[in-house]
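Structure assessment
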Amino acid sequence: MTAHVELKNNVHLTLISVYGPTMQRPELEKEQFYEQLGECITSAKGDGIIVLGDFNARVGKDWESWPSVIGRHGVGHMNSNGLMLLEFCTRMKLSVMGTMFQLKNRLKNTWQHPRSKHWHQLDHVLANSQARQFIRVTKVNPSADCFTDHRLLLCKCSIVIKSRKKCARPPCKLDTHLTNKKKLALESFLEEKIPDCESAWDDLKELLQNAADHIFEKKKRKSEDWFDDQEQEIQKLLKEKRKTGDVKGLREEIRRMKNKWFQQKAEEAERYVQEKNNREFYATLNAVYGPKSKNVHPVKSKQGELLSAPEDIKDRWVEHFDELLNQPTNVDWEILNEVDQLPTIDEFDDPISMDELETALKNTKLRKSPGPDGIIPEVIVHGVSKCVSDMMEIFLICVA
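Rules used in this analysis
- Residues numbered from 1 in each chain as written.
- Predicted model: local features only at pLDDT ≥ 70, side-chain atom pairs only at ≥ 80, totals over all residues.
- Heavy atoms only, no water.
- Buried < 20%, exposed > 50% of the residue type's maximum accessible area, 1.4 Å probe, protein only.
- Helix = DSSP H or I, 4+ residues; strand = E, 2+ residues; numbered from the N terminus.
- Pairing = 2+ DSSP bridges.
- Right-handed = clockwise from strand over helix to strand, strands pointing away.
- Disulfide = S-S within 2.5 Å.
- Patch = residues over 30% accessible without salt bridge, like charges linked within 9 Å, V, L, I, M, F, W, Y side chains within 5 Å.
- Areas by Shrake-Rupley, 256 points an atom, 1.4 Å probe, with all protein chains shown as cover.
- Salt bridge = Lys/Arg side-chain N within 4 Å of Asp/Glu carboxyl O.
- Lys, Arg positive; Asp, Glu negative; His and termini not counted.
- Charge placed at Lys NZ, Arg CZ, Asp CG, Glu CD.
- Axes fitted to C-alpha atoms, helices over the stretch in contact; angles between N-to-C directions.
- Left-handed = near helix turned anticlockwise from the far one by under 90°.
- Contact = heavy atoms within 4.5 Å.
- Nonpolar A, V, L, I, M, F, W, Y, C, P; charged D, E, K, R; others polar.

Moving on to the pairing of strand β3 (residues 48-54). Within β3, six of the seven residues are buried, which leaves it mostly tucked inside the rest of the structure. Where strand β2 (residues 11-19) lies against β3, seven bridges are found, and the strand directions are parallel. By the bridge assignment for β3, Tyr19 is matched with Asp54. A crossover connection joins β2 to the parallel β3 through helix α1 (residues 27-43); in handedness this β-α-β unit is right-handed. Bridging between β3 and strand β7 (residues 123-127) involves five bridges; their strand directions are antiparallel. Looking across to β7, one finds that Asp54 is bridged to Asp123.

Here it is, written out as structure tokens:
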């Protein structure tokens, strides 16, 4: 997994999360892993690079043999996976940051062997020369509950992310569930305000937006993670785990709670399908799968270089379609002028009729997102019914 961060002063930082093969995996798989990682690092040419993950490699403390790769504060002895990692770091000009800081061994070791009970440093943070200047410390947090046999490795950095240009915020989502009380309040609000509305479209748009803000409440953001409903029970289990040290029982109980939550969501989705309630069905799927991530897929330039920055990718697509669509054409306009033309339909120039407006209101679908004007359909459908004649006059003036 790769993340690209744009910092101040036109500096870019690339974060790469990895999981390396274990000692038992074949050599070919390990070589392929480092080959793919090398391609990923090469594509971020000129950026500060930080690679984080479980490499399943012990790099040892022989800093004299690897002076530019590991520091003077390594732990333990190197194994075969560690040798491959050090050779890779030498080629890519990376440093193992966990060996650079003078700390206690308990703040460096990340994994305990289940039989020998010896601690080893298997998780690492690698950084090139551009990224090393941002890293303040790399150490283990022994007290973190991660539900894994590895300890949590922290890498504290001092960076200033480039501020984005401020743009117009989209209108906040409203709870458009209508009750009879809300319908009456909406109708009375428009009946009162429409006589004061002038004939310009901007005035009408502002009136409808104000009506929505006056009647509907802001939609409350719901978090659908499986642990939200079980937060109190999980906190009790964590307290018991700290007292008894029963990690296995804690994992089994939390796994049971998680499976129960997913089973309930599956039953809900199945019920909505049987009821043909597509809206709630897809809402349940979104709760299970979570929000969609906005991934940026790199593209190649004309020269074959891999582009990862969003601005470079956008410019490359503009360049591609500009060349693709703006091709020279050999059209004989005399032949085109000889083609019979369809007759002009003058009825389309007629003003809007009351029947057309009522039909459009009747066929308008509710509970849809507003368009660029920020007007939700519930305001038009339920609010205009009592003042449709006044609204009709404004419509005719606006489209005139």
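Anyway, onward from the coordinates.
Turning to unusual backbone geometry, a few remarks are in order. In the Ramachandran plot, Lys93 falls in the positive-phi region, its phi being about 60° despite a non-glycine side chain. Among the structural elements, Lys93 can be located in the loop between α2 (80-92) and β4 (95-96). Residue class for Lys93 comes out exposed when judged on its relative accessible area of 69%. One non-glycine residue, Lys276, lies in positive phi territory at about 60°.

Here we come to the sheet that holds β7. Strands sit in the order β1-β2-β3-β7-β4 across an open sheet of five strands; the sheet is mixed. The outermost strands of the open sheet, each flanked by one partner alone, are β1 (2-7) and β4. Of the pairings in the sheet, the one linking β1 to β2 comprises six bridges and is antiparallel in character. Paired with Thr2 across the bridge in β2 is Ile16.

As used here, a disulfide is simply a covalent bond connecting the sulfur atoms of two cysteines. Counted under the stated rule, the structure contains zero disulfides. The thiol of Cys40 is not disulfide-bonded; the next cysteine sulfur, from Cys89, is found 14 Å away. In this structure Cys40 comes out as partly exposed when scored by relative accessible area, which is 23%.

Moving on, we come to a negative patch on the surface. A cluster of acidic side chains, namely Asp346, Glu347, Asp349, Asp350, Asp355, Glu356 and Glu358, defines a negative patch on the protein surface. Mapped onto the fold, Glu356 is located in helix α11 (residues 354-363). Relative accessible area serves as the criterion here: at 49%, Glu356 is assigned to the partly exposed category.

Glancing now at a nonpolar patch on the surface. On the surface, Trp317, Phe321, Leu324 and Leu325 cluster together to form a nonpolar patch covering roughly 430 Å² of accessible area. Assignment of secondary structure puts Trp317 in helix α9 (residues 310-325).

So, about the environment of Asp340. With respect to the helices and strands, Asp340 occurs in the loop between α10 (333-337) and α11. Note on Asp340: relative accessible area 72%, which makes it exposed. For Asp340 and Leu153, which are 187 residues apart along the polypeptide, the C-alpha to C-alpha distance reads 74 Å.

Once that is clear, we can look at the packing of helix α4 (residues 180-193) against helix α5 (residues 201-215). Packing of α4 against α5 leaves a shortest axis separation of 10 Å and a crossing angle of 145°. Judged by the sense of rotation from one axis to the other, the crossing of α4 with α5 is right-handed. Residues Lys182, Ala185, Leu186, Phe189, Leu190 and Lys193 of α4 form the contact with α5, whose own contacting residues are Leu207, Leu208, Asn210, Ala211, His214 and Ile215. When grouped by side-chain class, the residues that make up the contact of α4 with α5 number eight nonpolar, two polar and two charged.

Moving on, we get to the pattern of salt bridges. Using the criterion set out here, one finds nine salt bridges in the structure. Taking the shortest distance from any N to any O, the salt bridge between Glu29 and Arg25 comes out at 3.0 Å. The class of Glu29 is partly exposed, set by a relative accessible area of 29%.

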